[in-house]
Amino acid sequence: MDVDVVVIGAGPAGENVAGRAVRGGLSAAVVEEHLAGGECSYYACIPSKALLRPMELAAEVSRMPGLSTTPVDAAAVLARRDEAISGLDDGGQVEWVEKLPATLLRGRGRLTGPREVEVTAPDGTVTRLRARHAVVLATGSVPVIPDIPGLAQARPWTNREATTVRQVPERLAVLGGGVVACEMAQALHALGARETTLLVRGSGLLGKMEPFAGELLADSLRKSGIEVRTGVSVERVERAEDGPVTVHLADGSSVEADELLVATGRRAAVGDVGLESVGLAAEGPVEVDDSMRVPGFDWLYAVGDVNGRNLLTHMGKYQARVCGDVIAARAAGEPDDGLALRDSADGRGAPQVVFTDPQAASVGLTEREARRQGMDVRVVDYDMASVSGAYLLGDGYVGRARMVVDESRRVPVGVTFVGPGVGELLHAATIAVTAEVPLERLWHAVPSFPAVSEIWLRLLEEYGL
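What counts, and at which threshold
Residues numbered from 1 in each chain as written. Predicted model: local features only at pLDDT ≥ 70, side-chain atom pairs only at ≥ 80, totals over all residues. Heavy atoms only, no water. Phe/Tyr/Trp six-rings, centres within 6.5 Å; stacked < 30°, edge-to-face > 60°. Lys NZ or Arg CZ within 6 Å of the ring centre and 35° of its normal. Pairing = 2+ DSSP bridges. Helix = DSSP H or I, 4+ residues; strand = E, 2+ residues; numbered from the N terminus. Axes fitted to C-alpha atoms, helices over the stretch in contact; angles between N-to-C directions. Buried < 20%, exposed > 50% of the residue type's maximum accessible area, 1.4 Å probe, protein only. Arc of directions from axis to C-beta. Contact = heavy atoms within 4.5 Å. Polar contact = N/O pair within 3.5 Å; in protein donor to acceptor, adjacent residues only side chain to side chain. Salt bridge = Lys/Arg side-chain N within 4 Å of Asp/Glu carboxyl O.

Asker: Summarise the packing of aromatic side chains; cite the residues concerned and give the values.
Answerer: Across all of its chains, the model carries 3 aromatic pairs by this definition. Above the ring of Y43, the side-chain terminus of R160 is found at 4.2 Å from the ring centroid. Cation over ring: R378 sits above Y463, and NZ or CZ is 4.3 Å from the ring centre.

Asker: Quick rundown of the sheet that holds strand 8 (residues 171-175)? Include the residues and the values.
Answerer: Within a sheet, each strand pairs with its neighbour through backbone hydrogen bonds, oriented either parallel or antiparallel. Strand order in this open sheet of 4 strands is 10-9-8-14, and the pairing throughout is parallel. The open sheet terminates on both sides in strands that have one partner only, identified here as strand 10 (227-229) and strand 14 (259-262). Along the sheet, successive strands turn relative to each other by an average axial angle of 15°, direction set aside. Here strand 8 pairs with strand 14 via 4 bridges, running parallel. The partner of A173 across the bridge, within strand 14, is L260.

Asker: So what's going on with helix 4 (residues 74-84)? Residues and values would help.
Answerer: The set of residues buried in helix 4 consists of V77, L78 and R81. Taken down its axis, helix 4 places every buried residue within 95° of arc, on the same side. Opposite the buried face of helix 4, by more than 90 degrees, sit the exposed residues A75, R80 and E83. Residues of helix 4 that are buried sit in contact with helix 3 (45-62) and helix 6 (159-163). Measuring from the backbone nitrogen of A75 back to the side-chain oxygen at the start of helix 4 gives 3.2 Å, which picks out D73 as the cap. S86 lies just past helix 4 and shows a positive phi near 55°.

Asker: So what's going on with the pattern of salt bridges? Residues and values would help.
Answerer: Scanning the model with the defined rule gives 35 salt bridges in all. With its nearest N and O atoms 3.7 Å apart, the salt bridge here joins R266 to E39. Taken together, the positions of R266 in strand 15 (residues 266-268) and E39 in helix 2 (residues 38-43) put the pair 227 residues apart, joining distant regions of the chain. R266 sits in the partly exposed class, given a relative accessible area of 28%. In this structure, the salt-bridge partner of R171 is E256, at a minimum N-O distance of 2.8 Å. In this pair, R171 is assigned in strand 8 and E256 in strand 13 (residues 254-257), connecting sequence segments 85 residues apart. Look at the salt bridges and you will find they share partners, linking E210, E367, R371, D381, R400 and R402 into a network.

Listed below in structure tokens is the structure:
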């Protein structure tokens, strides 16, 4: 079967490549081994936020005098989660792909040579595809299970088991201090995991953000009854037959739980994708240039988690739009100079929201990273609780904002917000950072009163404008 573009992986990135390529006049075939829609739709972004939203609302209600909270109805929350992930039925996503139109093939896709992909269906049937213009790897990433004695044999949960949980355990242990660990520890604790213990190897949570983000979140987790233990090292893990799991730590202590969630990072999913058939090492991430093309090849591209640039769904979709447009332009013999990524979008610090209570939202560079890059940096901090709009959201509002300024140009290169609901503030920061808006111009973007977005005025005043 000959087709213009073959995409291996029907997650958000793969779907968007196909959509843009078809929009550009090309034919496309999309190969998917599991569910069209990918990890985000069924096991990550969508179900985790469906589980977190009720917890967030309950926290907001608890901060507002005159309102009363009731225990979270776990069954109702799980039922809505099931609705959000369509009961793990990808029929809607399949229909979307077919309406592009593109051909969807079920099975494992594997490179077998230049522009050649072999698809092995669940029944063993093999279909061979040949791409006239491009093959795009969009296989995503898979969880990392550390090489700790007994861990793999203890049947640990990953994000998939946590987000699709049917019965919330009474006791939950979580390895990791990043986004998945923090979000799912808080969500499952609110849903019934009364004894939740977060075991963090590093010195704090959310290590890729400004330090205060992890500090404020850790305070919130502890106040809710979650035990947060930092600087710990796991020596071994054991699980009794059909019984509890025990995590043994280097300091001689141990933690016993009904389930153990491992959230210690992800790696590019390149196993058995056939990289070696075209002379590439069978390991990831797959290196790409700013057009998402693999160096040394005029037909091979990689988008999303598999290229390791930004393991975020929205950035994978952004890369995919760029990639599909570039492929279509090159196929038509048109200039593609203006289509590749720009450092301001993909390389300067992608926007990200951690949907805990409080939320942590950031874009651009942290102070540490900006200084590491040799920038002349000035940091402006402000207590978000001092903004009138924050007070009106409820008693006990806790939050903090930071703006990292490149003094040589007087433009913001990084912004971080921590506080209830601050995720909705982030896009304004993303525009300011990616568009490199001078502070003097930002001064004339007047925030509404009494909205929490007045934080922008306070940050600029603190800077001295």
